[in-house]
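Okay, here's what each chain looks like letter by letter:
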Amino acid sequence: MAAPGARSCTLSGLLPVQTSLEYALLDAVSQEEKDSLVYQYLRKVDGWEQDLLVPEFPEGLEWLNTEEPISVYKNLNGKVVVLDFFTYCCINCIHLLPDLHALEHTYSDKDGLLIVGVHSAKFPNEKVLDNIKSAILRYDITHPVVNDAEASLWQELEVSCWPTLVILGPRGNMLFSLIGEGHKDKLFLYASIALKYYKDRGQIKDNKIGVKLYKDSLPPSPLLFPGKITVDHVSNRLVIADTGHHRILVVWKNGQIQYSIGGPNPGRKDGQFSESAFNSPQGVAIMNNVIYVADTENHLIRKIDLETETVSTVAGIGVQGTDKEGGAQGEQQPISSPWDVVFGTSGSEGPGGDILWIAMAGTHQIWALLLDDGKLPKKSELQKGTCLRFAGSGNEENRNNAYPHKAGFAQPSGLSLASEDPWNCLFVADSESSTVRTVSLKDGAVKHLVGGERDPMNLFAFGDVDGVGINAKLQHPLGVTWDQKRNLLYVADSYNHKLPVFRSENAVVDGPLQVENQKTPPKLPKSAACVTLSPVAASPGQTLQLKLKLSLPSGTKLTEGVTSCWFLTAEGNEWLLKGQAPSGEIENISNQPTISLQVPGECLSLEAVVSVSVFLYYCSADSSACMMKGILFSQPLQITETQQGCVAPVELRYEF
């Protein structure tokens, strides 16, 4: 609930004025000019007759890292507050955390700034408080976090994307929103000028908020969120990524530690074992006394030489990259959140070891690092050290395709190699689509194995169901391992807390979503607008034209490689749609389709309602944040025997 005497609003109320600010900032040259523009913006927003007020946190929610539940209008009065709408599995949310850490290290609650995480779960497993506690420990989150398990605040504000930041003024008044990752400069600019603006007016308070870190209540542990493990079959040693302790352990089978490399604190340093440092390492692969490490939060691939006891960097530049093609030498090639690694070969047979396959979770792709001169399927010779994309467009999708660059993954997190016939593939645990996929080592074709569904844009087809292909359901799998002797694939089905085994040999190729075969449209989001049109008179046999007239927000575009679409329904009057095209695609926002509906010659009712559901997928201009929006148009029909002649097209008009 909002403060007394004021109104609660959605984020859309900020959009017009903030968009004008951001266009002005594009033309600003100096920092002083940018600061002045934001200051003037705040003067304008602060002078509105009514504040755009954020709703109060609902009562009864579970809080972490606090002494007691927090109230926007009691505890946070006099603070500039950054609300971080996140879900802990989301790679984009993980990418945002370093920016938030840097902000809270620059400004404290005594300075007048506080960050509050609003956990709005995607998966049912993420609604469980103990699992959120684990995520807070794993990612070293030290600000207050509320478990908004039913996403009530998310829905009230009409948040549409993970992550979303909302910056509040000292009255709970909404000032800015930032959607997606990659906005560190704007975050610091907006927060710092908001602090200055309200300090100049004496509205900032320096009282401390009762923060009580969850991690301080726990005893020490020998392992902390170990992410990956592999076996050295030559020496019977285990290599463990002790992710939470930022170290790599080499352990004999009896549990005795041979080497502890890195840790206990995060860092980035090559050199001798005693001085080296990692940051939340995940995937590990060992061969010939050399270990390769996916140093996830450093955005690096590291090499550990057990003979010389040294650590070096072989790929990445130490900051998150956005390149989705690659092709440079490893140490010059930016990469993004590598999550797993496995050895391969430039030939299609044998275990090899001259290629390191990489699950690049940050760009939703599969990459390769050449450990020796060689070639990838359907590619020319490549030099040793080359690091490049092998499969995946970079769009976050569950899209299978015979052309590897047209396929889409959604945060691939686990890899395993099956080099023998008939497989000759990489198995991929694709966490955000809740599927296991295969990538052919012969031609790069990406195929579906199990989980998910055929709609490449539906990343919510998860569950806990045994079965074959899409009839089986997983929930955010993070690992896979191939048992060649038994011809079995084991899956770490992380959010179901199970280890399912798959024996299927019926992987199928899925093309793009064939909307014409859809029997029922996807479910519209709760935030979807509903527009009821004026009734239209029509006679049997007459054809009505429904013309889409949709407008995207300024600075956005339709998401490339993703199908925006419409669906035609007539609940209770399905006879109206017999022989009609029930769905179609929206390929170009400047040339939108006209939907034809021919009224049957024999009508079973004189009144009916035809509904048009529209699903639009669009991104910001730089593709740093992508969204799906829906809208429902309802067109009442009045059937009359009187011939109506030519009826003007009905415009289905809406601005997102």
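Residue positions within a chain follow its written sequence, with the count starting from 1. Totals for whole chains, interfaces and linings use all residues, but because this is a predicted model, local features are given only for residues with pLDDT of at least 70 and pairs of side-chain atoms are given and counted only at 80 or more. By convention in this description, side-chain values take in all heavy atoms of the structure and omit both hydrogens and water.

### Examining the overall build of the protein chain
Defined as follows: The numbering of helices and of strands both runs from the N terminus, where a helix is a DSSP run of H or I of at least 4 residues and a strand a run of E of at least 2. Radius of gyration: C-alpha atoms only; globule rule: 2.2 Å multiplied by the number of residues to the exponent 0.38. Throughout, exposure labels follow a simple rule: accessible area from a 1.4 Å probe, protein chains only, divided by the maximum for the residue type, with under 20% read as buried, over 50% as exposed, and the rest as partly exposed. Note on definitions: a residue-residue contact is assigned when non-hydrogen atoms from the two residues lie within 4.5 Å. Residue exposure ignores everything except the shown protein chains as possible cover, and the areas themselves are Shrake-Rupley values with a 1.4 Å probe. In this tally Asp and Glu are treated as negative and Lys and Arg as positive; neither His nor the chain ends contributes. To locate a charge, the coordinates of NZ of Lys, CZ of Arg, CG of Asp or CD of Glu are taken.
Within the protein chain, the regular secondary structure consists of 6 helices and 39 strands. Taking 26 Å as the expected radius of gyration for a compact globule of 656 residues, we find that the protein chain reaches 27 Å, a close match to that expectation. Its C-alpha atoms put the protein chain at 90 × 70 × 45 Å along the principal axes. The proportion of buried residues among the 656 residues of the protein chain is 55%. Excluding contacts between residues fewer than 6 apart, the proportion of contacts in the protein chain whose partners are at least 24 apart in sequence is 61%. For the protein chain, the accessible surface area stands at approximately 28,500 Å², while carbon and sulfur atoms represent 49% of it. The protein chain carries 55 positive and 75 negative side-chain charges, and their two centres are separated by 1 Å.

### So, the pairing of strand E18 (residues 355-360)
Rules: Two strands qualify as a pair provided that DSSP identifies no fewer than 2 bridges between them.
Taking burial as the measure, the 6 residues of E18 include 6 buried ones, the bulk of the element. Residues of E18 alternate between two faces, with Ile 355, Trp 357 and Ala 359 on one and Leu 356, Ile 358 and Met 360 on the opposite face, all of them buried. Looking at chain direction, strand E17 (residues 338-344) and E18 are connected through 6 bridges and run antiparallel. Across the sheet, residue Val 341 finds its bridge partner in E18, namely Ile 358. The turn linking E18 back onto strand E19 (residues 365-370) is made up of 4 residues, and His 364 within it adopts a positive phi angle of 60°.

### Concerning the packing of aromatic side chains
Working definition: an aromatic ring pair is given by the centre-to-centre distance plus the angle between the planes. We apply this condition: Aromatic pairing here means that ring centres of Phe, Tyr or Trp (its six-membered ring) are within 6.5 Å. Orientation follows from the plane angle: under 30 degrees is stacked, over 60 is edge-to-face, and everything else is tilted. Criterion for a charge above a ring: Arg CZ or Lys NZ at most 6 Å from the ring centre, at most 35 degrees from the ring normal.
Summed over the entire model, instances satisfying the criterion amount to 18 aromatic pairs. On the numbers, 5.4 Å between centres and 80° between planes, the contact of Tyr 259 with Phe 273 is edge-to-face. Placement of the pair is Tyr 259 in strand E10 (residues 257-262) and Phe 273 in the loop between strand E11 (271-272) and strand E12 (281-287), with a sequence separation of 14 residues. In this pair, the class of Tyr 259 matches that of Phe 273, namely buried. One aromatic cluster is present, formed by Tyr 88, Phe 123, Phe 462 and Tyr 495 through successive ring pairs. The ring centre of Phe 225 lies 5.4 Å from the NZ or CZ of Arg 138, which sits over that ring. The positively charged end of Arg 302 is found above the aromatic ring belonging to Phe 278, 4.8 Å away from the centroid.

### Re helix H6 (residues 184-200)
What counts, and what does not: Each helix should span, by expectation, one fewer than its residue count multiplied by 1.5 Å.
Taking 1.5 Å of rise per residue, the 17 residues of H6 would be expected to cover 24 Å, and the 24 Å separating its terminal C-alpha atoms lies within 8% of that figure. Within the sequence span of H6, burial applies to Leu 187, Phe 188, Leu 189, Tyr 190, Ala 191, Ile 193, Ala 194, Leu 195, Tyr 197 and Tyr 198. Two residues or fewer after H6 comes Gly 202, characterised by a positive phi angle close to 70°.

### Structural notes on the state of the cysteines
A covalent bond between the sulfur atoms of two cysteines is referred to as a disulfide. The following threshold applies: Cysteine sulfur pairs qualify as disulfides if the two atoms are within 2.5 Å.
In total, this model carries 0 disulfides according to the counting rule given. Summary of cysteine pairing: Cys 93 is not part of a disulfide, and the nearest cysteine sulfur, belonging to Cys 90, is at 3.2 Å.

### Observations concerning the sheet that holds strand E32 (residues 543-551)
The following threshold applies: Note on geometry: axes are C-alpha line fits, over the in-contact stretch for helices, and angles between N-to-C directions span 0 to 180 degrees.
Sheet architecture is open: 3 strands sit in the order E36-E32-E39, paired in mixed fashion. Only two strands of the sheet have a single partner each, and these edge strands are strand E36 (594-598) and strand E39 (650-655). Neighbouring strand axes in the sheet, compared pairwise and without regard to direction, differ in orientation by 20° on average. Here 6 bridges tie E32 to E39, and the two strands are oriented parallel to one another. Paired with Lys 547 across the two strands is Glu 651, which belongs to E39.

### Topic: the sheet that holds strand E27 (residues 479-483)
With respect to topology, 3 strands assemble into an open sheet ordered E27-E28-E29, the strand pairing being antiparallel. Only two strands of the sheet have a single neighbouring strand rather than two, namely E27 and strand E29 (501-502). Here strand E28 (residues 488-492) pairs with E29 via 2 bridges, running antiparallel. Opposite Tyr 490, over in E29, you have Val 501 as the bridge partner.

### Brief notes about the confidence of the model for the protein chain
Keep this limit in mind: The score called pLDDT rates the predictor's confidence residue by residue, from a low of 0 to a high of 100.
Summing up the model confidence of the protein chain, the mean pLDDT is 90 and the portion of residues at 70 or higher is 93%. Note that pLDDT drops below 50 for residues 1-8; the model gives that stretch 16 contacts with residues more than four away or on any other chain.

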